[in-house]
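Each chain, letter by letter, is given below.
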Amino acid sequence: DAKTTQPNSMESNEEEPVHLPCNHSTISGTDYIHWYRQLPSQGPEYVIHGLTSNVNNRMASLAIAEDRKSSTLILHRATLRDAAVYYCILRDGPFGGYQKVTFGTGTKLQVIP
Amino acid sequence: DVKVTQSSRYLVKRTGEKVFLECVQDMDHENMFWYRQDPGLGLRLIYFSYDVKMKEKGDIPEGYSVSREKKERFSLILESASTNQTSMYLCASSLRSAGHTNSPLHFGNGTRLTVT
């Protein structure tokens, strides 16, 4: 399985942008990059996913390197509600529905008021 | 909104007991998953199922079994609970998307199991 590597923790000041990095040097051509976050005392929730192009939604933006070996989740203005553990995972496009979905330890984001 | 419901928020069981953790989803999803979460170890996949009566081992299946008799329900079974199975257990479901679209996982809020 292709794996991802994330920093254990990061800090950000409130109302400033946050860039959460993820390395996936063994990514295959059909792997999608997914991001989830887990707020305290809750299950993880989906944030965003992409294949090659940068993606935006109401929660965040996803920037994918040209060689696809790394990606960055961007929170444009961090709020205290964004303090969570963020997970970057890979899922195979054609066969992902029949395959296990593996999470790692993620990045714990602390937002400082 | 998709709802994934886990039967108990907190559970305390004794060593050697048989334990059932139940998970129900209301969106007709084909795929269901069971994870455990421990400090410093992140989320680890125990079992998953991509259809009724189908099950696949995840990364840490030892000591666990599962049952998927109906599409909406996925049960995790600890045949003989041990103290090292004290953990937070999370259930998730998703559509089994075809082609190049990955349906996101929807998680329940977890069951904190303590085995004494």
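Structure: above.
Predicted model only: the values in this text are computed from it and were never measured.

### Concerning the nonpolar core
For soluble globular proteins, nonpolar side chains are generally found buried alongside one another.
Here is step 1: Counting residues in each nonpolar core, the largest one holds 21 residues, and the members touching the most others are Leu20, Ile33, Trp35, Leu73, Leu75, Tyr86 and Leu109 of chain A.
Here is step 2: Mapped onto this core, the elements with two or more residues apiece are strand E2 (18-23), strand E3 (31-38), strand E4 (45-50), strand E6 (61-64), strand E7 (70-75), strand E8 (84-92) and strand E9 (107-112) of chain A.
Here is step 3: Ranked by residues supplied to this core, first place goes to E8 of chain A with four residues.
Here is step 4: Other than its neighbours up to four places away in sequence, leucine 75 of chain A contacts Glu16, Pro17, Val18, Met59, Ala60, Asp82, Tyr86 and Leu109 of chain A.
Here is step 5: Counting 20 residues, the second-largest nonpolar core is a separate cluster that includes Leu11, Leu21, Val66 and Cys91 of chain B.

### Thoughts on the sheet that holds strand E1 (residues 4-6) of chain B
All names here are of chain B.
Here is step 1: Taking strand neighbours across the sheet as the criterion, the four strands line up as E1-E3-E8-E7 in an open arrangement whose pairing is antiparallel. The open sheet terminates on both sides in strands that have one partner only, identified here as E1 and strand E7 (64-70). Across the sheet, the mean angle separating the axes of adjacent strands is 20° when strand polarity is ignored.
Here is step 2: As paired elements, E7 and strand E8 (residues 73-78) share five bridges and run antiparallel to each other. Counterpart to lysine 70 in the pairing with E8 is arginine 73.

### Digging into the interface of chain A and chain B
Here is step 1: Chain A puts 24 residues into the contact, and the matching count from chain B is 26 residues.
Here is step 2: For the pair chain A and chain B, the summed buried area comes to about 2100 Å², and 51% of that belongs to carbon and sulfur atoms.
Here is step 3: Where chain A meets chain B, there are one salt bridge.
Here is step 4: Applying the counting rule to chain A against chain B returns eight residue pairs in polar contact (both at pLDDT 80 or more).
Here is step 5: For the side of chain A that touches chain B, the secondary structure elements donating two or more residues are E3, E4 and E8 of chain A.
Here is step 6: If one sorts the elements of the side of chain A that touches chain B by residue count, E3 of chain A sits on top with four residues.
Here is step 7: Tallied by class, residues from the side of chain A that touches chain B come to nine nonpolar, 12 polar and three charged.

Calculation notes
Residues numbered from 1 in each chain as written. Chains lettered and ligands numbered in written order. Predicted model: local features only at pLDDT ≥ 70, side-chain atom pairs only at ≥ 80, totals over all residues. Heavy atoms only, no water. Core = buried A, V, L, I, M, F, W, Y, C linked by side-chain atoms within 4.5 Å. Buried < 20%, exposed > 50% of the residue type's maximum accessible area, 1.4 Å probe, protein only. Helix = DSSP H or I, 4+ residues; strand = E, 2+ residues; numbered from the N terminus. Contact = heavy atoms within 4.5 Å. Pairing = 2+ DSSP bridges. Axes fitted to C-alpha atoms, helices over the stretch in contact; angles between N-to-C directions. Buried area = accessible area lost by both parts, 1.4 Å probe. Salt bridge = Lys/Arg side-chain N within 4 Å of Asp/Glu carboxyl O. Polar contact = N/O pair within 3.5 Å; in protein donor to acceptor, adjacent residues only side chain to side chain. Nonpolar A, V, L, I, M, F, W, Y, C, P; charged D, E, K, R; others polar.

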